[in-house]
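Below, each chain spelled out in residue letters.
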Number of protein chains: 2
Amino acid sequence: MLSKKTKYGLKALTYIARKGDNEPVQIGEIAKNEHIPQKFLESILLTLRKSGFLGSRKGKHGGYYLIKKPEDILMTDVMRILEGPIALVPCVSLNFYEPCNDCPDEATCSVNRLMIQVRDSTLNVFRNTTLADLSVK
Amino acid sequence: MLSKKTKYGLKALTYIARKGDNEPVQIGEIAKNEHIPQKFLESILLTLRKSGFLGSRKGKHGGYYLIKKPEDILMTDVMRILEGPIALVPCVSLNFYEPCNDCPDEATCSVNRLMIQVRDSTLNVFRNTTLADLSVK
DNA sequence: TGTAATCTCTATTAAATCGATAGGGTTAAT
DNA sequence: ATTAACCCTATCGATTTAATAGAGATTACA
């Protein structure tokens, strides 16, 4: 299941991208229009800023803005920051690999085999989707 | 993240399928060989039996056996029983659809759009994989 | 210069879920 | 009758998730 954090984060990024100009967008405006609890959204946008997707301006008329062009923001990167590993089990994760302690041999493990396929098909979607694709109205 | 329940369930099904004959396989044997807590595995196999994947024989020399041929057991069906909906959000689920209460218009929702693609690519894997595929050594 | 608006940061909490365990009850082979 | 196995319900501890609280720091602007 997709976490609310990821869902809200994607919606916020889309909202900002759709505005088009480079003016900062305020948390309150996003929260109101996308029906997201404002305090929760605050922490999510903070994460996205610290990860290099968003810039911010403090104080009056402050807000968040995109640092890169929407076409250059890949879903692989966004998803890894918001949701964590794309693989459903650590033993098939490209970026967060960990062996299973209960599995003596990955080569013959049926779960491993299946989850590699799921990982690859999901990666294929995320690698071919940018924020620009999400932002088409 | 894949739940342990699903992971253990898939491993158990594979174990039974790999044995080949139609003799009942005991919980204890599977638990030992696959390093699964026996009591936990009991409840999982019970679920799989009630869902029509496994049959059981009670009493001495009892155990679980496949009801259908491995080639006829699709991952779509197994995953829905063990893990639940394949879609990551209810608003793109084919079998468990529910609208988002915070989303006024699915047609323009970026999360909806992305998650439909992920669902379809994952479904494509599960629809084309059977227990027989998992059981190849 | 002061005030209001806005992002920043840490801490906390309530609820839900997950993984595992406990402890019998029921059934069938021998 | 005994034993080995599945059947069933209940519970528990740990973790994660979603949300909230509240104070701090910064900026625009009158």
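### Some thoughts on the overall build of chain A
Looking only at helices and strands, chain A features six helices and two strands. From first element to last, N terminus to C terminus, chain A shows the α and β order α-α-α-β-β-α-α-α. On the principal axes, the C-alpha backbone points of chain A span a range of 60 × 25 × 25 Å. Evaluated residue by residue, chain A yields a buried proportion of 49% over its 137 residues.

### Details of the protein's contact with DNA strand D
The immediate surroundings of DNA strand D are formed by 27 residues, with K39 of chain A together with I27, R49, S56 and Y64 of chain B found nearest. Within 4 Å of the protein, the contacting atoms of DNA strand D are 74% sugar and phosphate, with bases supplying the remainder. At 2.9 Å from a phosphate oxygen of DNA strand D is found a main-chain nitrogen or oxygen belonging to I27 of chain B. The side chain of R49 of chain B places a nitrogen or oxygen atom 2.6 Å from a phosphate oxygen of DNA strand D. Sorting the residues of the surface near DNA strand D by element identifies helix 1 (4-19) and helix 3 (38-50) of chain A together with helix 3 (38-50), strand 1 (54-57) and strand 2 (63-66) of chain B as the ones contributing at least two each. Looking at the surface near DNA strand D residue by residue, the classes come out as seven nonpolar, eight polar and 12 charged.

### Describing the packing of helix 5 (residues 110-127) of chain A against helix 5 (residues 110-127) of chain B
Packing of helix 5 of chain A against helix 5 of chain B brings their axes to within 9 Å, and their N-to-C directions diverge by 150°. The orientation of helix 5 of chain A relative to helix 5 of chain B falls into the category roughly antiparallel. Helix 5 of chain A and helix 5 of chain B meet at a crossing whose hand is right-handed. Here L114, Q117, V118, S121, T122, V125 and F126 of chain A of helix 5 of chain A come into contact with helix 5 of chain B, specifically with L114, Q117, V118, S121, T122, V125 and F126 of chain B.

### Quick word on the protein's contact with DNA strand C
The local shell around DNA strand C holds 28 residues, among which I27, R49, S56 and Y64 of chain A together with K39 of chain B are the closest. Within the side chain of S56 of chain A, an N or O atom sits 2.8 Å from a phosphate oxygen of DNA strand C. Counting only elements with at least two residues in the surface near DNA strand C, the list comes to helix 3, strand 1 (54-57) and strand 2 (63-66) of chain A together with helix 1 (4-19) and helix 3 of chain B. If you tally residues by element for the surface near DNA strand C, the top one is helix 3 of chain A, at five residues. Counted by class, the surface near DNA strand C contains seven nonpolar, nine polar and 12 charged residues.

### Quick notes on the interface of chain B and chain A
On the chain A side, the residues contacting the 36 residues of chain B number 36 residues. Taking both partners together, chain B and chain A bury about 3100 Å²; carbon and sulfur atoms supply 65% of that area. When the buried area of chain B at its contact with chain A is split by residue, D102, S110 and L114 of chain B rank highest and sum to 18% of it. For the interface between chain B and chain A, the tally reads four salt bridges. Our count for the contact surface shared by chain B and chain A stands at 17 residue pairs in polar contact (both at pLDDT 80 or more). Elements represented by at least two residues in the side of chain B that touches chain A include exactly helix 1, helix 5 and helix 6 (131-135) of chain B. Here the side of chain B that touches chain A gets 11 residues from one element, more than from any other, and that element is helix 5 of chain B. In terms of residue class, the side of chain B that touches chain A is built from 20 nonpolar, eight polar and eight charged.

### Digging into the domain arrangement of chain A
Interfaces are often described in size by the accessible area the parts lose on coming together. Residues and elements named next belong to chain A. The domains assigned to chain A are domain 1 (4-66) and domain 2 (72-132). Taking only C-alpha atoms, the centre of domain 1 and the centre of domain 2 are 27 Å apart. Each side of the interface is counted separately: domain 1 has 13 residues, and domain 2 has nine residues. Counting across the domain 1 and domain 2 interface gives zero salt bridges. At the junction of domain 1 with domain 2, the criterion picks out one residue pair in polar contact (both at pLDDT 80 or more). Broken down by secondary-structure element, the contributors of at least two residues to the side of domain 1 that touches domain 2 are helix 1 and helix 3. Here the side of domain 1 that touches domain 2 gets seven residues from one element, more than from any other, and that element is helix 1.

Scoring rules and cut-offs
- Residues numbered from 1 in each chain as written.
- Chains lettered and ligands numbered in written order.
- Predicted model: local features only at pLDDT ≥ 70, side-chain atom pairs only at ≥ 80, totals over all residues.
- Heavy atoms only, no water.
- Helix = DSSP H or I, 4+ residues; strand = E, 2+ residues; numbered from the N terminus.
- Buried < 20%, exposed > 50% of the residue type's maximum accessible area, 1.4 Å probe, protein only.
- Near = heavy atom within 4 Å.
- Polar contact = N/O pair within 3.5 Å; in protein donor to acceptor, adjacent residues only side chain to side chain.
- Nonpolar A, V, L, I, M, F, W, Y, C, P; charged D, E, K, R; others polar.
- Axes fitted to C-alpha atoms, helices over the stretch in contact; angles between N-to-C directions.
- Parallel < 35°, antiparallel > 145°, perpendicular 65-115°, else oblique.
- Left-handed = near helix turned anticlockwise from the far one by under 90°.
- Contact = heavy atoms within 4.5 Å.
- Buried area = accessible area lost by both parts, 1.4 Å probe.
- Salt bridge = Lys/Arg side-chain N within 4 Å of Asp/Glu carboxyl O.
- Domains from an automatic or database assignment.

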